[in-house]
Amino acid sequence: MLGHSNAGKTTYLTAAYYAMQHDPRIFQISAGRRDHRRLMRSGRVLAAGRGYPPPSDARSVHEFVASRDGIDPVEISWIDHRGGAAVAKTADGQARRLQEDLSAADAVLLFGDAERLVGHTHSQREIDTLVPMLLRAFGDRGGSSTIPFAVLITKVDALGDALDELRPALHRPFTALMDGVRRAEWAVARSFEVACGPSARNVVEPLLWIMQAVIDDRIDTHYTGLDASLATMRTKVAEDKVSARFRAHVNGVPTGQAIVRGELEKAIGALAALRPLHTVARELAAALAHLGAVEPDGAPEGGQHQAVPS
Ligand SMILES: Nc1nc2c(ncn2[C@@H]2O[C@H](COP(=O)(O)OP(=O)(O)OP(=O)(O)O)[C@@H](O)[C@H]2O)c(=O)[nH]1
Ligand SMILES: [Mg+2]
């Protein structure tokens, strides 16, 4: 989780955790007992409009598990960086930790405060510094999974009726990110207009969208495994001659039949895992359908968002 100081990162994490406890959409999110208690306490205060979580003075890590029947639990290390850590010039430990976190991250939540995004050139400069650094950090990594970049434009409740008019200005600072992601094959991006507190809006959506990317990756991995098993089986069946079996026996290596049996087991396992993953993927798509398609600039189509109960 990255963004300037005071962007609403800690508030969002609290609101999202709290909302998922009350309305566990598709996944159950759980934390350790102490963290759970603390997040529930500040989540309750936040939802009631009685205050915000205290400011963060250091990076903090929350260990969550997203679970549901039929699929392997997803372990989430959700790292809340102190504001501005990504663009800090100082060579302190926080900046180094941030680089390490980025090199291991599976998803990025990028925060911008709506009021600051409108008209504050400083915010634009911060984002302009951050975006190439992020794209480089992930582009150099060359992993096989897709990295989701969720852009959270926070505190939209504070804009009131001016939101519709200001929408282009809110999304404009992230154009370079959206362009970069469109060119890269290893990333997806989408922006969300978010409000936490009594007039909550789009609180669980960014989380569900990231989970969608995680589930899609798992589905891809299983299909890749399935393709490899089928290819091996095809080769081994074609090669399966008495002479080959004899040679394998003499050399003490598995016969083609034994290899086919092993690959068959793997393929059956992959197929069994795929069914519940497809169910979850369908449910996630339905839960996010109200957001509509993403326009070329990564902004939501027509800016249509529905309020989310907190
Ligand atoms: N109106 C409104 N204000 C918000 C919202 N979220 C956060 N705020 C305000 O912004 C302040 C900062 O929020 P934090 O969540 O602490 O911001 P942060 O990004 O974690 O800040 P640092 O940890 O200091 O970088 C809060 O104390 C609130 O005053 C929101 O959804 N709506
Ligand atoms: Mg904070």
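Note that residues are indexed from 1 along each chain, following the sequence as it is written. Whichever chain is written first becomes A and whichever ligand is written first becomes 1, with later ones labelled in order. Only residues with pLDDT of at least 70 get local features here, since the model is predicted, and only at 80 or more are side-chain atom pairs given and counted; chain-wide, interface and lining totals rely on the full set of residues. Side-chain numbers here rest on the full set of heavy atoms in the structure, without hydrogens or water.

Peer 1: Hey, could you go over the site of ligand 1 for me, with residue numbers and the actual values?
Peer 2: We call a residue near a molecule or strand when any one of its heavy atoms sits within 4 Å of it. Close to ligand 1 lie 16 residues; Lys9, Thr11, Gly83, Lys155 and Cys196 are nearest. A distance of 2.8 Å is found between an oxygen atom of ligand 1 and a side-chain nitrogen or oxygen belonging to Thr10. Within the side chain of Asp157, an N or O atom sits 2.8 Å from a nitrogen atom of ligand 1. Here the open area of atoms and residues is found with the Shrake-Rupley method and a 1.4 Å probe, where only the protein chains shown may cover a residue. Against a free-state accessible area of 650 Å², the protein chains account for coverage of 85% of ligand 1. In protein, a polar contact means a hydrogen-donor-capable atom and an acceptor-capable atom, both N or O and within 3.5 Å, with residues adjacent in sequence counting only if both atoms are side-chain atoms; elsewhere, any N or O pair within 3.5 Å suffices.

Peer 1: I'd like to hear about the pattern of salt bridges, residue by residue, with values.
Peer 2: For side chains of opposite charge, pairing can occur when their charged atoms come near one another. A pairing counts as a salt bridge when a side-chain nitrogen of Lys or Arg comes within 4 Å of a carboxyl oxygen of Asp or Glu. Summed over all chains, the structure comprises 12 salt bridges. Residues Arg25 and Asp23 are paired through a salt bridge, measuring 2.9 Å at the closest nitrogen-oxygen approach. Only protein chains enter the accessibility calculation, which uses a 1.4 Å probe; a residue is then buried when its area is under 20% of its type maximum, exposed when over 50%, and partly exposed in between. We classify Arg25 as buried; its relative accessible area is 19%. A salt bridge links Lys266 to Glu263, with the shortest nitrogen-to-oxygen separation between them at 3.2 Å.

Peer 1: Tell me what's going on with the confidence of the model for the chain, and back it up with residues and numbers.
Peer 2: When pLDDT is averaged along the chain, the result is 87, and 91% of the positions lie at 70 or above. The predictor attaches a confidence to each residue, called pLDDT, with possible values from 0 through 100. The contact rule is simple, with two residues in contact once any of their heavy atoms fall within 4.5 Å. Taken together, the stretch residues 303-310 has pLDDT below 50 and engages in 25 contacts with residues farther than four places along the chain or on a different chain.

Peer 1: Go over the coordination of the magnesium ion (ligand 2), please, and point to the residues and values.
Peer 2: Sites may look incomplete, because water is not among the atoms used; the donor set itself consists of N, O and S atoms within 2.8 Å of the metal (3.2 Å for Na, K and Ca). At the metal site, the magnesium ion (ligand 2) is ligated by Thr10 (OG1) and Ser56 (OG), and these contacts range over 2.0 Å. One end of the pair, Thr10, is in helix α1 (residues 9-22); the other, Ser56, is in the loop between α2 (33-47) and β3 (60-67), with 46 residues separating them in the sequence. Strands here are runs of E lasting at least two residues and helices are runs of H or I lasting at least four, both read from the DSSP assignment and numbered beginning at the N terminus.

Peer 1: I'd like a rundown of unusual backbone geometry, residues and numbers included.
Peer 2: You will see that Asn6, though not glycine, has its phi angle at about 75°, which is positive. Not every positive phi belongs to a glycine, and Asn202 is a case in point at roughly 50°. Within the secondary structure layout, Asn202 lies in the loop between β7 (187-193) and α8 (205-239).

Peer 1: Can you tell me about the packing of aromatic side chains, naming the residues and giving the values?
Peer 2: Each Phe, Tyr or Trp ring, with Trp reduced to its six-membered ring, pairs with another whose centre is within 6.5 Å; inter-plane angles below 30 degrees give stacked pairs, above 60 give edge-to-face pairs, and intermediate values give tilted ones. Using the criterion set out here, one finds 7 aromatic pairs in the structure. When the ring of Phe138 is compared with that of Phe149, the centres are 5.5 Å apart and the planes differ by 80°; the resulting orientation is edge-to-face. Here Phe138, found in helix α5 (residues 121-139), pairs with Phe149, found in strand β6 (residues 147-154); they are 11 residues apart in sequence, far enough to count as distant. Look at Phe149 and you get buried, because its relative accessible area is 0%. Ring centres 5.9 Å apart and planes at 65° place the aromatic pair Phe192 and Trp209 in the edge-to-face group. One end of the pair, Phe192, is in strand β7; the other, Trp209, is in helix α8, with 17 residues separating them in the sequence. The buried category is assigned to Phe192, whose relative accessible area is 0%. Taking the relative accessible area as the measure of exposure, Trp209 reaches 9% and is therefore buried.

Peer 1: I'd like a rundown of the sheet that holds strand β4 (residues 74-80), residues and numbers included.
Peer 2: Strands in a sheet are paired, the pairing made by backbone hydrogen bonds, and the direction either parallel or antiparallel. One open sheet holds the 3 strands; their spatial order is β2-β3-β4, and the pairing between them is antiparallel. The open sheet has two edge strands with one neighbour each: β2 (28-31) and β4. Direction aside, the axes of adjacent strands within the sheet are offset by 30° on average. Here β3 runs beside β4; their pairing, made up of 7 bridges, is antiparallel. Only strands joined by at least two bridges in the DSSP assignment are considered to pair. Angular values range over 0 to 180 degrees, each being the angle between N-to-C directions of two axes fitted as lines to C-alpha atoms, with helices fitted over their stretch in contact.

Peer 1: Summarise the environment of Gln99; cite the residues concerned and give the values.
Peer 2: Following the sequence through the fold, Gln99 ends up in helix α3 (residues 93-104). Once the C-alpha coordinates of Gln99 and Met133 are considered, the two residues, 34 residues apart in sequence, prove to be 10.0 Å apart.

Peer 1: I'd like to hear about the domain arrangement of the chain, residue by residue, with values.
Peer 2: Throughout the structure description, domain borders are defined by an automatic or database domain assignment. Here the chain is partitioned into domain 1 (2-216 + 289-303) and domain 2 (217-286). Computed over C-alpha atoms, the centres of domain 1 and domain 2 are 38 Å apart. Each partner contributes residues to the interface: domain 1 has 18 residues there, and domain 2 has 13 residues. Carbon and sulfur atoms supply 54% of the area that domain 1 and domain 2 bury against each other, a total of about 1300 Å² over both sides. Summed over both partners, the accessible area lost on bringing two parts together, with a 1.4 Å probe, is the buried area. Interface area lost by domain 1 to domain 2 is led by Ile26, Ile215 and Asp216, which between them contribute 39%.

Peer 1: Could you give an account of the packing of α1 against α8, with specific residues and numbers?
Peer 2: Put simply, α1 and α8 touch, their axes get as near as 10 Å, and they point 80° apart. Accordingly, the angle class assigned to the pair α1 and α8 is roughly perpendicular. Counting all contacts with α1, which are made through Tyr12, Ala16 and Met20, the residues of α8 involved are Pro206, Leu207 and Leu208. Each residue is assigned to one class: nonpolar for Ala, Val, Leu, Ile, Met, Phe, Trp, Tyr, Cys and Pro, charged for Asp, Glu, Lys and Arg, and polar for all the others, Gly among them. Looking at the contact of α1 with α8 residue by residue, the class counts come to 6 nonpolar, no polar and no charged. Oblique is the label for any angle not covered by the other classes, which are roughly parallel (under 35 degrees), roughly antiparallel (over 145) and roughly perpendicular (65 to 115).

Peer 1: Quick one: what's the story with α2, residue by residue and with numbers?
Peer 2: Along an α-helix, a turn takes 3.6 residues, which lines up residues three or four apart on a common side. Here the expected span of a helix is defined as 1.5 Å times the quantity of residues minus one. With 15 residues, α2 ought to run about 21 Å at 1.5 Å a step, and its terminal C-alpha atoms sit 21 Å apart, in line with that. Within the span of α2, buried status applies to Asp35, Leu39, Met40, Ser42, Gly43 and Leu46. Next to the buried residues of α2 lie α1, β2 and β3. Looking at the residues trailing α2, positive phi occurs at Gly49, about 75°.

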